[in-house]
Amino acid sequence: MRLEPIANPSVLRRLGLPASALLATIAVASGLAAVAGADPLATLGLIVKGAAGSRFAALETLNRATPLIFTGLAVAVAFRARLWNIGAEAQLYAGAIMAVLLGTGALPGAVALPAMALAAMVAGALVLLGPVLLKTRFGVDEVVTTLLFNFIMLLFVSYLLEGPLKDPMGMGWPKSAALAKEARLPRIVDGLRLHWGFGLALIAALTVWVIERRTAFGYEMRAVGLNPRAARFAGVPVNAVLVKTALLSGGLAALAGFSEVAGLKGHLTLDLSPGFGYTGIVVAMLALLNPLAVVPAALFVAGVFVGADSMSRAAGVPTYIADMLLASSLLFMVLAILLVRFRVVRG
Amino acid sequence: MTALLDILLSATFWAAAVRIASPLIFATMGELICERAGVLNLGIEGIMVIGAFSGWITVWAGAGLWEGVAVAMLAGMLFGLLHAVLVVPFGLSQHVVGLGVTLLATSTSYFAYRLMLPQVTSPPKIEPFAVWEVPVLSDIPLIGPALFAQTPLTYAAFAVAALVALVLWRTPLGLAIRAAGENPSAVDAQGLSVTGLRIGAVVVGSGLMAVGGAFLTLSAFSSFFFEMVNGRGWICIALVVFGAWRPGKAVLGALLFAAFDALQVRLQQTPLGQVVPYQLFLMAPYVLSIAALVLMSRRASVPAALMQPFNRGER
Amino acid sequence: MIVAPVLRLCGITKRFGSLVANDAISLSLNRGEVVALLGENGAGKTTLMNILFGHYVADAGTVEVMGQPLPPGHPRAALAAGVGMVHQHFTLADNLTVLDNILLGTRPLWRPGLRKAVARARVQALSQDFGLSVHPDARVGTLSVGERQRVEILKALYRDARILILDEPTAVLTPQETEALFRTLRLAVGRGLSIIFISHKLHEVMGVADRAVVLRHGRVVGEVATADTDRHALAALMVGEEVVPPKVAPPTPGPVLLRLDDVTTAQAGTATGLRRVTLDLRAGTITGLAGVSGNGQAALSDLVSGVIRPQAGRLHIAGAPVTHWTPREAVGAGIARIPEDRHSTGTIADFTLTENAILEGYRSRFAKGGWMNWRAARAFAEGIIRTYDVRCPGPDTRIRLLSGGNMQKLILGRVLEPGPRIILANQPVRGLDIGAITYVHSRLLQARDAGAAVLLISEDLDEIMALSDSIHVISEGRLSPGFARGTMTQQQLGLWMAGHGFADAA
């Protein structure tokens, strides 16, 4: 078989194929529910209901989507320049650490939050800078180094939580002291459990979109991602662009940690992130790396997680169905997108 | 200092190093075959998980240990096939698909585990592979227990490495696989199927990765728990680079790496472990892998067509 | 007695969408015969060969080898039937040895052992018999282009090919190497092999082929015995009209705009670096660089483009020494750069025409304070499309969808529009059809007459000799003295290309 490019894909192709990817994912969900001995339709209904069926559920989904928007943006930006940042998890924790360091101290109320956010971004940027410099200087593949950094960072956090950052009132649990009241992100609407981290995430998505579409740096980023050789030949400073992209990507991922600590948890624990960094990859791919599309993609992914949790309690299908669905949707989607632009021919 | 010497001179240390190296050797050989054919397989981490789980659950359900290994291998090959089909004929991003396969294989394992054992808090144990002592040879001081008093899977790991080297460099099939990783057009022009060779290499390689995972449950820990693979797959990718895509060097790399791992565990028990937080010791393997990558980056003899999809229409 | 042809293609038709690449093509080849297959780029030669080798399946028509029909769509079938192909772009694995490359795919995959000793002896015997000397245990990456071609021919002979197909085999050879190749081909024909020789170099076709088959727009437009025709008639058949060589007015040389002063560059992997090269490019002249590919052309091109820096020696632009040197500096210094590979270096396939048009000037001309001015960028692209006659649906089309000629026109517009002082044209017409070739050449001559200093790098000696006011030959990184137009013959330049005449020649 051979792939043949399609000059002008029809609207049917452009919408139909991604839609079939979604349908295929739903089919997988039904199959898994059946395997688990549950009624497929009821299970799907429970997932949807658990994700958006009540005000509480919807808010839960929005809260869960917040860090995913940040990590999704971080991955989308990096992948756009073909910088394989698989280390958003580590950068997220770097941001969380800075939030705790500055948020539990004596910073005056007005500057506490901006200072925490800024410090988080710097820390996240620096965490990604290491692997990127190894790539630009020595040609070391950043996939493996960023992956390995995730493990190193988790051990480092574990050390901090049992050592310097340990909460003296924590009854021996590895958790940090709680943030000061002024260092907590306020709720968007009083009484509703949704904090300003979500608003910040939306602003971030818009900002990244503007950078990509309207600035010279965004143009450079896309050029480097599509063809580094031609970009270098044309005079794009490829390594500098990669470094700048890394700083942006690492900073965005770190905001996820900041927002989780300052907006939701109020302190740092070792299970702050149930893999938000890795899930960000799925979010970014489902969004086709488009920063604005990251928001709905994150909502979808968060919905699947929140819905599956709730469904699992009711129907007894293991909650890991959520991860399976996301993995399948990722693979279906990349295939569907390819088939929008190429047709499979024989011989 | 004497503590270090004590460790280095103890037979259990070297035996542990060889034991720790075994799963890495399986998985590293698997990845090496894939990359020699031109395909990066980031599914390795998840494929090791599914290998660990499927091998263990098979034995737990009453089958024999070798049957467990066989099931693990088949499960690995199945996910390898998924990766291969998506990245070889369709030419999708090997990074993205690999990570997707890892996520899918891992979550499938966890899902199936929860489905089969909904209530348990601590996973049931199985009777793992027993040590086979090679008569006479295992009595040699230091080397004997390290090399000749291991479980059959460890012996198999070394045999597999030798076999991989033999096939890749001494048979027409191996030549074709290496050529597919160097210049697929050369393979195509000689009437061989690049697609077939690459898919085959990825499927077989993934089978080996899964056996590496099964080693953890069937030979090392005797039960399955979450996060048990814990980045070993990523480390194996680093080991392939460290070994310059050569089986012999990769095995040496795995042994070296395992020796450090065994050492850090033991150093935690020494006075040094009182001063230095244990997390620092646990970081050592990951830091070491990164250091190895940097060290080898200058003289990397990477297959020329690694990660290059082949589509005849675009020649 | 009627001898059955060894190869017969009958009524081959192949369509790609609305394009008919092959339209009922019939062709036969007799034992011991050399047939030249002539045609412009895009005439359908490659498609025809891909059908013969089972890479494409024809919509209609049959292929017979030795009287037996070949099953369509089976790449192994042609090889097994004794047809061997020497591709223009070699299909060799650089990191493997010559022997490994020849052995690849010749033994059933599941057999144990490679039997290298037996194979080595056979390869050596074949080398001897056909005058194809090459060391069987050398790594292919270390071989010269000529040697690689010999490996390709050996690959076919090792498989007992009875029919050899050579695709543009002389494009990369010196005239002397070409002679050696023709001797090999005569030896092969003497042993009963048959040969299809794909080319557009008519004097070679006249010299080596018994018969010529001419393709145009996917159809056979003529079939003649070479004894009954001449170059002009063939050329007219190929293009459909009389070919007019470019009219070149005498140059009016100006000051030196670019000077390489004793420049040496680093060896990059297997690519040859420059060795103590001194070169002057004068305003109002075209300087041609001849040479066999892989002798340092890439290094010279990269150096002038700003991609690499001298390891020793100096670069001067308009008399001033250059200190900082990057692609951006090169563009800033008024150098128009037409890269060798327009697909992977010259353009970004998934960028639109607009985005590709501003690749070099986005910072200086199409952005302010870091913000892009897309309106100006689009207007610039539209201007190029108009002025340079780029055939495309519009400036928002992805450039991947354009033909090579139109892609090259966009690159021409991109680099010529700012009015450059120096022009680097590396293989500017490779793979283009005659119309596009004429267009590119006329633009280069126009720029010369407007006072630009042009450096033309090409492996096609005819092109170099037709356009250049002064010719240098590059061999193993060394540069010959400059020869004024008309002072050297092809044979003399060929000797320089083979490395004769250099001061430190071995």
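Starting from 1, residues in each chain are numbered consecutively following that chain's sequence as written. Going through the entries in the order they are written, you letter the chains from A and number the ligands from 1. In keeping with the model being predicted, local features are shown solely for residues with a pLDDT of at least 70 and side-chain atom pairs are shown and tallied solely at 80 or more, while totals for entire chains, interfaces and linings include all residues.

As annotated in an unreviewed UniProt entry, chain B is Nucleoside ABC transporter membrane protein from Cereibacter ovatus. UniProt positions are given in the numbering used here, feature names are shortened, and annotations may be inferred rather than shown by experiment. The UniProt entry for chain B carries the following comment under Subcellular location (unreviewed entry): "Cell membrane".

If you look chain A up in an unreviewed UniProt entry, it shows as Nucleoside ABC transporter membrane protein from Cereibacter ovatus. Turning to chain A, the UniProt record has this under Subcellular location (unreviewed entry): "Cell membrane".

**Considering the overall build of chain A**
Counting from the N terminus, the helices are DSSP H or I runs at least four residues long and the strands are E runs at least two residues long. Tallying secondary structure elements over chain A gives 13 helices and two strands in all. For this measure, only C-alpha atoms enter the radius of gyration; the expected value for a globule follows 2.2 Å times N^0.38, where N is the number of residues. A compact globule built from 347 residues should have a C-alpha radius of gyration of about 20 Å, and chain A, at 21 Å, falls within 12% of that. By principal-axis analysis of the C-alpha atoms, chain A measures approximately 70 × 60 × 35 Å. Residue burial is a threshold on neighbouring C-beta atoms within 10 Å of the residue's own C-beta, all placed from the backbone, with 20 or more meaning buried, 12 or fewer meaning exposed, and counts in between meaning partly exposed. The burial tally for chain A puts 56% of its 347 residues in the buried class. Expressed as a percentage of contacts within chain A between residues at least 6 apart in sequence, the contacts between residues at least 24 apart total 76%. Here the contact rule is simple: place C-beta atoms from the backbone, and any two residues whose C-beta atoms are within 7 Å are in contact.

**Remarks on the overall build of chain B**
The secondary structure content of chain B amounts to 14 helices and two strands. Taking 20 Å as the expected radius of gyration for a compact globule of 315 residues, we find that chain B reaches 20 Å, a close match to that expectation. For chain B, the C-alpha atoms occupy an extent of roughly 65 × 50 × 40 Å along the three principal directions. When each of the 315 residues of chain B is scored for burial, the buried share is 57%. A fraction of 79% describes how many contacts in chain B between residues 6 or more apart in sequence connect residues 24 or more apart.

**So, the interface of chain B and chain A**
Contact with chain B, which involves 38 residues of that partner, is made by 38 residues of chain A. Listing elements by their share of the side of chain B that touches chain A, those giving two or more residues are helix 5 (94-116), helix 11 (232-242) and helix 14 (278-297) of chain B. With 13 residues, the top contributor of residues to the side of chain B that touches chain A is helix 5 of chain B. In the side of chain B that touches chain A, the residues fall into 24 nonpolar, 12 polar and two charged. Residue type decides the class: Asp, Glu, Lys and Arg count as charged, Ala, Val, Leu, Ile, Met, Phe, Trp, Tyr, Cys and Pro as nonpolar, and the leftover types, Gly among them, as polar.

**A look at helix 10 (residues 194-220) of chain B**
An expected span of 1.5 Å times one less than the residue number is assigned to each helix. Taking 1.5 Å as the rise per residue, helix 10 of chain B with 27 residues should run 39 Å; its terminal C-alpha atoms sit 38 Å apart, in good agreement. A residue's bend is given by the angle between axes fitted to the 7 residues ending at it and the 7 residues starting at it. The axis of helix 10 of chain B is deflected most strongly, by about 35°, at B:A214.

**Looking at the confidence of the model for chain B**
Taken over all residues, the pLDDT of chain B has a mean of 92, while the share at 70 or more is 97%. Across chain B, the element-wise mean pLDDT spans from 80 in helix 1 (residues 2-8) of chain B up to 98 in helix 4 (residues 65-87) of chain B. By definition, pLDDT measures how confident the predictor is in each residue, and it falls between 0 and 100.

**A closer look at unusual backbone geometry**
Residue and element names in this part refer to chain C. For D262, which is not glycine, the phi dihedral falls at a positive 55°. By the element assignment, D262 lies in strand 11 (residues 256-264). Its identity as a non-glycine residue notwithstanding, R276 has a phi of 50°, on the positive side. With respect to the helices, strands and loops of the structure, R276 is situated in the loop between strand 11 and strand 12 (277-282). By the C-beta count within 10 Å, which is 16 here, R276 ends up partly exposed.

**Examining the sheet that holds strand 1 (residues 7-16) of chain C**
Residue and element names in this part refer to chain C. Only when DSSP finds a minimum of two bridges between them are two strands counted as paired. If you trace the four strands from one edge of the open sheet to the other, you get 2-1-4-5, paired in antiparallel fashion. In this open sheet, the two strands that pair with only one neighbour each are strand 2 (19-29) and strand 5 (68-69). Two strands pair when backbone bridges link them, and strand 4 (residues 60-65) and strand 5 are joined in this way by two bridges, in the antiparallel orientation. By the bridge assignment, V65 is partnered in strand 5 with Q68. Contacts from helix 1 (residues 45-52) reach strand 1, strand 2 and strand 4 within the one sheet, and its direction differs from that of strand 1 by about 115°. Comment: axis = line fitted to C-alpha atoms, over the contacting stretch for helices; angle = value between 0 and 180 degrees taken between N-to-C directions.

**Side note on the UniProt feature "transmembrane region" (unreviewed entry) in chain B**
All names here are of chain B. In the numbering adopted here, UniProt assigns the feature "transmembrane region" (unreviewed entry) to residues 6-27, 39-63, 69-89, 96-117, 155-177, 197-221 and 278-297. This span, residues 6-27, is 91% helix and 0% strand, and a straight line between its end C-alpha atoms measures 31 Å. As a span, residues 197-221 carries 96% helix and 0% strand, and end to end its C-alpha atoms are 35 Å apart.

**A short note on the interface of chain A and chain C**
Accessible area lost during the coming together of the parts is what is often quoted as the interface size. Chain A puts 16 residues into the contact, and the matching count from chain C is 27 residues. Listing elements by their share of the side of chain A that touches chain C, those giving two or more residues are helix 8 (216-226) and helix 9 (228-234) of chain A. Partitioned by chemical class, the residues of the side of chain A that touches chain C number nine nonpolar, four polar and three charged.

**Details of the environment of A:Y93**
Residue and element names in this part refer to chain A. In this structure, Y93 sits in helix 4 (residues 88-103). Distance from Y93 to G109, taken between C-alpha atoms, is 23 Å for residues 16 residues apart in sequence. Not counting chain neighbours up to four residues away, the residues in contact with Y93 comprise M153, L154, V157 and G257.

**Topic: the pairing of strand 6 (residues 83-86) of chain C**
Residue and element names in this part refer to chain C. Of the two faces of strand 6, the one lined by V83 and M85 and the one lined by G84 and V86 are each fully buried. Here four bridges tie strand 6 to strand 7 (residues 163-167), and the two strands are oriented parallel to one another. Note that in strand 7 the partner of V86 across the bridge is L166.

**Considering the sheet that holds strand 14 (residues 312-317) of chain C**
All names here are of chain C. If you walk across this open sheet you meet the four strands as 12-11-14-15, and the pairing is antiparallel. This sheet does not close on itself; its edge strands, each paired only once, are strand 12 and strand 15 (320-321). Of the strand pairs in this sheet, strand 11 and strand 14 are connected by five bridges, and their pairing is antiparallel. Counterpart to D261 in the pairing with strand 14 is R314.

**Concerning the environment of C:V221**
Residues and elements named next belong to chain C. Locating V221 in the fold gives a position in strand 10 (residues 219-225). By C-beta crowding, V221 is classed as partly exposed, having 15 other C-beta atoms within 10 Å. Once the C-alpha coordinates of V221 and H500 are considered, the two residues, 279 residues apart in sequence, prove to be 42 Å apart. Those residues in contact with V221 that lie beyond four places of it in its chain are V214, L215, R216 and L237.

**Focus on helix 8 of chain A**
Along helix 8 of chain A, eight of the 11 residues are buried, which leaves the element largely enclosed by surrounding structure. Of all the positions in helix 8 of chain A, only A:G218, A:Y219, A:E220, A:M221, A:R222, A:A223, A:V224 and A:G225 are classed as buried. Here the buried face of helix 8 of chain A lies against helix 3 (55-80), helix 7 (196-214), helix 9 and helix 10 (238-265) of chain A together with helix 13 (362-365) and strand 18 (371-372) of chain C.

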